[in-house]
Amino acid sequence: MEYMRGIDGLYVQEETAVTLGKFDGLHRGHQQLLQRILAKKGLKSVMFTINSRKSGFLLTIEEKRELLEKSGLSYLIDCPFLPEISGMEAEEFVKEVLVNRLHAKYIAVGKDFRFGYRRGGDVNLLLWLQKKYGFQVEVIEKERYGERDISSTYVKEALAIGNMELVNELLGYRFFVSGEVLHGRRIGRTLGMPTTNLVPTTKKILPPNGVYLSRTRIGDRVYGGVTNIGYKPTIGESFRGVETYIFNFDGDLYGENIEVELWKYKRPEMKFASVDALQAQMEADIAFGKEYFCE
């Protein structure tokens, strides 16, 4: 997969199948659009993402790239909502970007897709322009769960209350945090329960502070575990971290990149009266997690 940022120098020589949107989270609704462009034989697949926000993301760009690499997507275009995009009239965007630069022959969008200056373009305009510019437009209905459309807003609402089962159902994969394992204070190791420490970017949304049942992906292997999100109040940290005790693993992961999937919320983060009390609770959390994962 080729990754491009912005529209300066943007050009794809081959004819393409394109989908456009914010694609925050790559949830099940987004995956419907992705599958449509991947299925178009003879066309290179392009996901064109436009976003005006600088934080509050379900996926970092690195995590999004990692997921899309596995999908078979040809091009990911990450386009901040800069004046050269926000100032384009809707038809100008279609002509200059979709037709002249991307050679789009097929375009898949959700029914509420808006684009162009002051969001002046919509699916009706795309449908009207398809004959003029020689591409086909397919408008995809929203994927639903229960009585609601699946959306990034819906996912974030579930994430805000720690309902990881619902979050994962809406996403179509397990919500995860990835990054390089950093050195911590080694408190877990002194308690006989060594842990890994990640410090996610503040741009990424996390669920409420607390303890979660998790699975950690290390290379091609996956291990059950228990993860604490927060500031470790018994010990005290100045940053919000993701600390994981991995079952049945005793290797050195410092400097390695890992991926921690959050499966289920267990309890809120707490300040204990002593390190001994913390250790006892950690042992109880670990026993619960091992029973949950049948380990």
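Residues numbered from 1 in each chain as written. Predicted model: local features only at pLDDT ≥ 70, side-chain atom pairs only at ≥ 80, totals over all residues. Heavy atoms only, no water.

The next subject is the environment of Asp24. For Asp24, the position within the fold is in the loop between β2 (16-21) and α1 (28-38). It is 8.9 Å that separates the C-alpha atoms of Asp24 and Thr49, two residues lying 25 residues apart in sequence. Beyond its immediate sequence surroundings of up to four residues, Asp24 is in contact with His30, Arg53, Gly56, Phe57, Leu58, Leu59, Lys64, Ser152 and Lys156. Within the structure, Asp24 has its side chain in polar contact with the backbone nitrogen of Leu58 (distance 2.9 Å). Side-chain polar atoms of Asp24 contact the side chain of Lys156, separated by 3.1 Å. (Helix = DSSP H or I, 4+ residues; strand = E, 2+ residues; numbered from the N terminus. Contact = heavy atoms within 4.5 Å. Polar contact = N/O pair within 3.5 Å; in protein donor to acceptor, adjacent residues only side chain to side chain.)

Let us now look at the packing of helix α4 (residues 90-101) against helix α5 (residues 123-133). Their axes nearest at 11 Å, the elements α4 and α5 cross at an angle of 50°. Regarding the angle of α4 to α5, the classification is oblique. In the packing of α4 onto α5, the handedness of the crossing is right-handed. For the pair α4 and α5, contact is made by Ala90, Glu91, Val94, Lys95 and Val99 and by Leu125, Leu126, Leu129, Lys132 and Tyr133, respectively. Split into classes, the residues belonging to the contact of α4 with α5 amount to 7 nonpolar, no polar and 3 charged. (Axes fitted to C-alpha atoms, helices over the stretch in contact; angles between N-to-C directions. Parallel < 35°, antiparallel > 145°, perpendicular 65-115°, else oblique. Left-handed = near helix turned anticlockwise from the far one by under 90°. Nonpolar A, V, L, I, M, F, W, Y, C, P; charged D, E, K, R; others polar.)

Take unusual backbone geometry next. Excluding glycine, a negative phi dihedral is what most residues carry, and trans is how most peptide bonds are arranged. The backbone of Arg118 sits at a positive phi, close to 50°, despite the residue not being glycine. Along the chain, Arg118 turns up in the loop between β5 (104-110) and α5. Positive phi, close to 55°, is recorded for Asn248, a residue that is not glycine. Within the element layout of this structure, Asn248 appears in the loop between β13 (241-246) and β14 (257-268).

Helix length check: helix α9 (residues 275-292), at 18 residues, gives a terminal C-alpha distance of 25 Å against a target of 26 Å (1.5 Å per residue), a fit within 8%. Buried within α9 are the following residues: Leu278, Met282, Asp285, Ile286 and Gly289. Summarising the axial view, the buried residues of α9 lie within an arc of 100°, below the 170-degree limit, and thus occupy one face. The exposed set on the far side of α9, more than 90 degrees from its buried face, consists of Asp276 and Glu291. In this structure, the buried side of α9 is in contact with β11 (210-218), β12 (221-230), β13 and β14. One or two steps after α9, the chain reaches Cys294, where phi turns positive at roughly 55°. (Expected span 1.5 Å × (residues − 1). Buried < 20%, exposed > 50% of the residue type's maximum accessible area, 1.4 Å probe, protein only. Arc of directions from axis to C-beta.)

With 42 residues, the main nonpolar core has Met47, Val167 and Phe175 as its most contacted residues. The element contributing the most residues to this core is helix α7 (residues 164-171), with 5 residues. Core analysis: the second largest hydrophobic core is formed by 32 residues, Met4, Met88, Phe93 and Val97 among them. (Core = buried A, V, L, I, M, F, W, Y, C linked by side-chain atoms within 4.5 Å.)

Between helix α6 (residues 152-160) and α7, whose axes approach to 8 Å, the crossing angle comes to 160°. One way to sum up the angle between α6 and α7 is to call them roughly antiparallel. The two elements α6 and α7 cross, and the hand of that crossing is left-handed. Of the residues in α7, those touching α6 at Tyr154, Val155, Ala158 and Leu159 are Met164, Leu166, Val167, Leu170 and Leu171. Each residue belonging to the contact of α6 with α7 can be placed in one class, and the counts come to 9 nonpolar, no polar and no charged.

Summarising the element assignment, Glu261 is placed in strand β14. Residue classification places Glu261 among the buried residues on the basis of a relative accessible area of 9%. Of the polar contacts made by the side chain of Glu261, one reaches the side chain of Arg217; its length is 3.2 Å. Setting aside its immediate chain neighbours within four residues, Glu261 contacts Arg174, Phe175, Phe176, Leu213, Ser214, Arg215 and Arg217.

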